[in-house]
Amino acid sequence: MAKTLNIIGPGRVGRTLGALLHRAQLCVVQDVLSAEIATAEAAVGFIGAGRAVRKLSDLLAADIWLLTPPDAAIASVAAALAATGRLRKGDIAFHCSGSQQSALLAPLAAVGAQTASVHPLKSFADPALAIKNFAGTYCAAEGDSQALAVLTPWFEQLGARVAVIDPAGKTLYHAASVLVCNDLTALMEAGLRAYEGAGLDRATAQAMMEPLVRETLDNVFALGTVRALTGPVTRGDAEVLTRQLAALDKLDPSIAEAYRALNQIAVDMVQAQGGVPAAALLAVAAALKK
């Protein structure tokens, strides 16, 4: 008999995983809870299964509990859920936070649940698209072995690649994920604003930068970051950097600061590349100082 699943906090991650698990027939999606009933109803509609509820007291008992509220609310939701008495010994409760440990679910462990965390390293900007390309997603997992013995095969059957992570490293792991995903998106926005400052309209600028960005990413994954790096720092061109920083400071000091910080990392990469005279790199480093 298929295990039952309750989802608490059905945002983009919760509804995506609910829909994937339902379509794969890995469980029976039972109750979907949100403080706003309209949100729960929308999630049920997206998942294609389940019952929308708005209070913890409305939840039926379930074999698996997926908690996907905002990270800051996981601990309080876990404590409130534990207090309902709905969980039974041996039930599995897990969250999908990349920055929080499964230990955040301690109140549920205290009432006999097996707890874990499984974080899909993926952008969930569009749940419909996330469903289509979820296969191949890496997931960082940690927690009770009994919970992972159930959850790992589930995620693997969805096409994910599950890797065990040390809970102590999750803050840095998630910071790294923010840098290469969220901050990469913000970097693209900074570039668009600079293009607009140069007189290009946004649509044209986005079209122009797309092949450059895609080619850069292809080079990074084919060659590694050090070999893929090009630009003024790799040429030791302090004069270009000085002019560009002056222009960016005038346009938007926050963009100029990001440019400085990123190119300071680029200096380290160029040292690893070799080939640029030490004097030129010293001039570059001086140009990057505010």
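Now for a quick tour of the structure. Since we're looking at a predicted model, the values are computed, not measured.

1. Observations concerning helix α10 (residues 238-251)
Then, number 1: Compared with an ideal rise of 1.5 Å per residue, which puts 14 residues at 20 Å, α10 spans 20 Å between its outermost C-alpha atoms and is within 8% of the ideal.
Then, number 2: What α10 keeps buried is the set Ala 238, Val 240, Leu 241, Leu 245 and Leu 248. The arc enclosing the buried residues of α10, seen along the axis, measures out at 145°, which places them on a common side. Facing away from the buried side of α10, by more than 90 degrees, are the exposed residues Arg 243 and Lys 250.
Then, number 3: The elements touched by buried residues of α10 are α7 (170-197), α11 (253-273) and α12 (278-288).

2. Considering the packing of aromatic side chains
Then, number 1: Inspection of the entire model under this criterion finds one aromatic pair.
Then, number 2: Judged by centre distance (6.3 Å) and plane angle (85°), the ring pair of Phe 94 and Phe 155 falls under edge-to-face. Here Phe 94 is found in strand β5 (residues 92-95), whereas its partner Phe 155 is found in helix α6 (residues 145-157), with 61 residues between them in sequence. The residues Phe 94 and Phe 155 share a single accessibility class, namely buried.

3. Some points on the side chain of Lys 170
Then, number 1: Tracing the backbone shows Lys 170 in helix α7.
Then, number 2: Within the local environment of Lys 170, its side chain forms a polar contact with the backbone oxygen of Gln 100, the two atoms lying 2.6 Å apart.

The rules behind the values
- Residues numbered from 1 in each chain as written.
- Predicted model: local features only at pLDDT ≥ 70, side-chain atom pairs only at ≥ 80, totals over all residues.
- Heavy atoms only, no water.
- Helix = DSSP H or I, 4+ residues; strand = E, 2+ residues; numbered from the N terminus.
- Expected span 1.5 Å × (residues − 1).
- Buried < 20%, exposed > 50% of the residue type's maximum accessible area, 1.4 Å probe, protein only.
- Arc of directions from axis to C-beta.
- Contact = heavy atoms within 4.5 Å.
- Phe/Tyr/Trp six-rings, centres within 6.5 Å; stacked < 30°, edge-to-face > 60°.
- Polar contact = N/O pair within 3.5 Å; in protein donor to acceptor, adjacent residues only side chain to side chain.

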